[in-house]
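# Coordinate inspection notes
If you want the building blocks of each chain, they are given just below.
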Amino acid sequence: MKLTYPAILLNFKSYKEAAGNRGLELAKTAERVASQTGVIVAVCPSIVEMAKFVQNVSIPVLSQHCDPYEPGPFTGAVVAEHLKEIGVAGSLLNHSEKRLKLSDISAAITRLRGVGLDTVVCADDLAAAAGAAALEPSAVAVEPPELIGSGISVSTAKPEVVAGAVKTVKAVKPNVHVICGAGVSSAEDVRKAVALGSEGVLLSSAYVKSRNPEQLLLELCKALLV
Ligand code: G3P
């Protein structure tokens, strides 16, 4: 299923809370909330389990990573053509926990686009956001690494980074979407992000580790709609 914006992207990373059936439950919860609220919610599960997610939920599933290679003798690589066959909507690229060189981001975008998949390039700061935008991915996700997993939202702690990324990316390529992430944990965090021009949020720990992920996501989705 195609990813459109505004959207909430849930990255399951390699958290134990999102492994196996627990991850699938989190994805089904996301699917339920997306259908109740009409908000686009995408999940980025563990790469080794992605096929299961595509088969069991009808919301967009994104890979957490894609390598720039063509299919061939690359042990352990994640290649665009295989992602296409699995049926995912696209891929995150250059997450701060899975960095790529700029030339590799560019090559991965070209390969993913070539097979009709979406690309969400993560960027640490404004300079990286500008560089990413120039490559024309579907979206740039600005995430200051020091706030990742902190529970302190980028939209509260560094509003200038969110507003600056929106301005910078749109100046480079107006058609590239901009979202933000790092520490996003509450409806207020989402409201602030939207007020700063963000077209959604990318979050992980607050959702994956929540005692009540359904309630949390419902609140985040409602905040995105306001
Ligand atoms: O990919 C999302 C991410 O890096 C933010 O993580 O745990 O701060 O929501 P978290």
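Preceding this paragraph is the structure being described.
Below is a short write-up of the structure. The numbering scheme is per chain: residues are counted from 1 as the chain's sequence reads. Local features in this predicted model are restricted to residues whose pLDDT is 70 or higher, and side-chain atom pairs enter the listing and the counts only when it is 80 or higher, whereas totals over whole chains, interfaces and linings include all residues. The side-chain values count all of the structure's non-hydrogen atoms but skip hydrogen atoms and water molecules.

## Concerning helix α10 (residues 213-225)
The end-to-end C-alpha distance of α10 is 18 Å, a good match for the 18 Å that 13 residues give at a rise of 1.5 Å each. For each residue, the accessible area found with a 1.4 Å probe, counting protein chains only, is set against the maximum for its type, and the residue is called buried under 20%, exposed over 50%, and partly exposed in between. Secondary structure elements follow DSSP: runs of H or I of four or more residues count as helices, runs of E of two or more count as strands, with numbering from the N terminus. For α10, the full list of buried residues reads Pro213, Leu216, Leu217, Leu218, Leu220, Cys221, Ala223 and Leu224. By definition in these notes, contact holds between two residues if any of their heavy atoms fall within 4.5 Å. As for α10, its buried residues are in contact with β1 (7-11), α1 (20-37), β2 (40-44), α8 (187-195), β8 (200-203) and α9 (205-208). Helices are assigned an expected span. That span is 1.5 Å times one less than the residue count.

## Things to note about empty space enclosed by the protein
Unfilled space is identified by rolling a water-sized probe across the atoms. Using a grid of 1 Å spacing that covers the protein atoms alone, one calls a set of points a cavity when a 1.4 Å probe fits there but cannot get out, and a pocket when the set is open and has protein on both sides within 12 Å along at least five of seven lines; lining residues are those with an atom within 4 Å of a point. Grid points are joined across faces, edges and corners, and a volume is the space filled by probe spheres set on the points. All told, the structure shown has 1 cavity of 30 Å³ or more when counted by the stated rule. Here the largest cavity defines a volume of roughly 110 Å³. Along the wall of the largest cavity there are 14 residues; nearest its centre are Lys13, Ala182, Leu202, Leu203 and Ser204. Secondary structure elements with two or more residues in the lining of the largest cavity: β8 and α9. Under the scheme applied here, ten amino acids are nonpolar (Ala, Val, Leu, Ile, Met, Phe, Trp, Tyr, Cys and Pro), four are charged (Asp, Glu, Lys and Arg), and all others, including Gly, are polar. Class assignment for the residues of the lining of the largest cavity results in 6 nonpolar, 6 polar and 2 charged.

## Quick look at the site of the ligand
The immediate surroundings of the ligand are formed by Asn11, Lys13, His95, Glu143, Ile148, Gly149, Ala182, Gly183, Leu202, Leu203, Ser204 and Ser205. Residues adjacent in sequence count toward polar contacts only when both atoms are side-chain atoms; beyond that, a polar contact is any pair of N or O atoms within 3.5 Å, and within protein one must be able to donate a hydrogen and the other to accept it. Between the ligand and Gly149, the relevant distance is 2.6 Å, taken from an oxygen atom to a main-chain nitrogen or oxygen of the residue. The backbone of Gly183 places a nitrogen or oxygen atom 2.8 Å from an oxygen atom of the ligand. Expressed as a share of its isolated accessible area of 310 Å², the protein-covered part of the ligand is 99%. Occupancy of a cavity or pocket is assigned to a molecule whenever over half of its atoms lie within 2 Å of that pocket's grid points. The site holding the ligand turns out to be the largest cavity. Along the lines of polarity and charge, the residues of the shell around the ligand split into 4 nonpolar, 6 polar and 2 charged. By convention in these notes, a residue is near a molecule or strand provided one of its non-hydrogen atoms lies within 4 Å of it. Reported accessibility uses the Shrake-Rupley method at a 1.4 Å probe radius. Residues are deemed covered only where the shown protein chains occlude them.

## Things to note about the pairing of β8
Put simply, side chains in a regular strand alternate between the two faces of the sheet. In β8, alternate side chains face the same way, and those of Gly200 and Leu202 on one face and Val201 and Leu203 on the other are all buried. Paired strands, as defined in this entry, are two strands with at least two bridges between them according to DSSP. Here β1 pairs with β8 via 4 bridges, running parallel. Across the sheet, the residue bridging to Ala7 is Gly200, located in β8. A clockwise course of the path from the first strand over the helix to the second, judged with the strands pointing away from the viewer, identifies a crossover as right-handed. On the question of chirality, the crossover connecting strand β7 (residues 177-181) to the parallel β8 by way of α8 is right-handed.

## Side note on the layout of surface pockets
Volume-wise, the largest pocket comes out at about 240 Å³. What lines the largest pocket is simply Asn11, Lys13, Ser14, Ser46, Ile47, Val48, Gln64, His65, Val78, His95, Glu97 and Lys98. For the lining of the largest pocket, the per-class residue count stands at 3 nonpolar, 6 polar and 3 charged.

## Some points on unusual backbone geometry
Here Tyr5 and Pro6 are connected by a cis peptide whose omega angle stands at 5 degrees. Inspection of the secondary structure assignment puts Pro6 in the segment before β1. The phi dihedral of Lys13 falls on the positive side, at around 45 degrees, and the residue is not glycine. Following the sequence through the fold, Lys13 ends up in the loop between β1 and α1. On the accessibility criterion, Lys13 (13% relative accessible area) is buried. We note that Glu136 has phi near 55 degrees; this positive angle belongs to a residue other than glycine. Considering the arrangement of structural elements, one finds Glu136 in the loop between α5 (126-134) and β6 (139-142). The exposure class of Glu136 is partly exposed, given its relative accessible area of 34%.

Just geometry here; none of it tells us what the structure is for.
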